[in-house]
Amino acid sequence: MPKIYFDEHRAERYDADSADMFEPSVLEPAVSFLADLAGTGAALELGIGTGRIALPLSRRGVRVHGIDLSPSMVARLREKPGAENIRTTIGDFATTKVDGTFGLAYLVYNTIMNLTTQDEQVQCFCNVAAHLERGGCFVIEVGVPGLQRLPPGETVRAFTVSPTRLGFDEYDIAAQGLVSHHYWLVDGRLESFSMPFRYVWPAELDLMARLAGLTLRERWNDWNRAPFTSHSTNHISVWEKPA
């Protein structure tokens, strides 16, 4: 079983620490994008967490089933209004099977990088493909690796700097990995949290999809469907299971 980084303490703080991701300007375009793809079908969320996406998507009439490794995160989801309409399964989303098939599966907010080996990421694509209906889509939201922004010889890049929060990514280029270090000022005390990731390139994701029998349908810079370009720092990619 992979290590659970989101324990009770992190789950308790998660929504507050990620408050910017709950802003309507961030959340509503993502939910609309996913709801359009789901249509009248069911959706499978990998890494459902505290329900940031699943709850508003469910309110749009989409039947959502979520997988998450952390019982503490799912317990926070269960405390929220509307959670009774969402099914959840505790497990590693790279390999965990659930009943039924889905017209949509999705992984948001860089969560594909929580799988820290290439094999695990390939397993994830294969697992999704096994759950998708013919013509169904798999959506991933993830950052483009920021290696171009690393000065020569340096391995650490700041991604958040504010009076109450600091964030740094520490890259291991040879291993295609990074560790994200987070520091918060909470009630006058400094809290810290570090977690490993495996960064992954868009072309590498496309190959993983092909290995799983999926084909690239579209790729955007953001949920508002701005064009993906050489200057994009994130991407929303959609792969389809052939009909």
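Residues numbered from 1 in each chain as written. Predicted model: local features only at pLDDT ≥ 70, side-chain atom pairs only at ≥ 80, totals over all residues. Heavy atoms only, no water.

(A) Quick peek at the pairing of strand β6 (residues 156-161). For β6 and strand β7 (residues 165-172), the ladder comprises 5 bridges, and the chain directions are antiparallel. If you follow R157 over to β7, its bridge partner there is D169. Between β6 and β7, which pair antiparallel in sequence order, lie 3 residues. (Pairing = 2+ DSSP bridges. Helix = DSSP H or I, 4+ residues; strand = E, 2+ residues; numbered from the N terminus.)

(B) Spatial organisation of the environment of A158. Of note, A158 is situated in strand β6. Measuring from C-alpha to C-alpha, the distance between A158 and S180 comes to 9.6 Å, with 22 residues separating the pair along the chain. Every residue in contact with A158, bar those within four places of it in the chain, is listed here: G167 and F168. (Contact = heavy atoms within 4.5 Å.)

(C) Representation of the nonpolar core in the model. Counting residues in hydrophobic clusters, the biggest one holds 37 residues, and the most contacted among them are I112, C124, F125 and F138. Listing elements by their share of this core, those giving two or more residues are β1 (42-46), β4 (102-107), α5 (118-131), β5 (132-143), β8 (177-186), β9 (189-197) and α6 (202-211). Beyond its immediate sequence surroundings of up to four residues, F138 is in contact with L46, A105, Y106, L107, C124, F125, V128, L132, L214, S237, V238 and W239. Of all hydrophobic cores here, the second largest spans 28 residues; its members include F33, A54, V62 and I236. (Core = buried A, V, L, I, M, F, W, Y, C linked by side-chain atoms within 4.5 Å. Buried < 20%, exposed > 50% of the residue type's maximum accessible area, 1.4 Å probe, protein only.)

(D) Structural detail: the packing of aromatic side chains. Within the structure shown, the criterion is met by 9 aromatic pairs. Ring plane angle 80° and centroid distance 5.9 Å describe the contact between F6 and Y14, whose orientation is recorded as edge-to-face. Since its relative accessible area comes to 17%, Y14 is described here as buried. With 5.1 Å between their ring centres and 75° between their planes, F33 and W223 make a pair best called edge-to-face. (Phe/Tyr/Trp six-rings, centres within 6.5 Å; stacked < 30°, edge-to-face > 60°.)

(E) Spatial organisation of the sheet that holds strand β10 (residues 215-220). A sheet is described by the order of its strands in space; here 7 strands give the open sequence β3-β2-β1-β4-β5-β11-β10, paired in mixed fashion. Here the strands that pair on one side only, and so sit at the sheet edges, are β3 (87-90) and β10. Sheet twist, expressed as the average angle between the axes of neighbouring strands with direction ignored, equals 20°. In this sheet, strand β2 (residues 63-68) lies alongside β1 in parallel orientation, the contact comprising 5 bridges. (Axes fitted to C-alpha atoms, helices over the stretch in contact; angles between N-to-C directions.)

(F) Quick peek at helix α2 (residues 24-38). An ideal rise of 1.5 Å per residue puts 21 Å on 15 residues; α2 measures up with 20 Å between its terminal C-alpha atoms. Within α2, burial applies to L27, P29, A30, V31, F33, L34, A35, L37 and A38. Contacts made by the buried residues of α2 are with α3 (54-59), β4, β5, β10 and β11 (234-240). Following α2 by one or two positions, G39 adopts a phi angle in the positive range, close to 60°. (Expected span 1.5 Å × (residues − 1).)

(G) Focus on the packing of helix α1 (residues 8-17) against helix α4 (residues 71-78). Look at α1 against α4: their axes get within 8 Å of each other, and the N-to-C directions meet at 40°. In terms of axis orientation, α1 runs oblique to α4. In terms of crossing hand, the pair formed by α1 and α4 is right-handed. The segment α1 lies against α4, with E8, A11, E12 and Y14 engaging S72, M73 and R76. Tallied by class, residues from the contact of α1 with α4 come to 3 nonpolar, 1 polar and 3 charged. (Parallel < 35°, antiparallel > 145°, perpendicular 65-115°, else oblique. Left-handed = near helix turned anticlockwise from the far one by under 90°. Nonpolar A, V, L, I, M, F, W, Y, C, P; charged D, E, K, R; others polar.)

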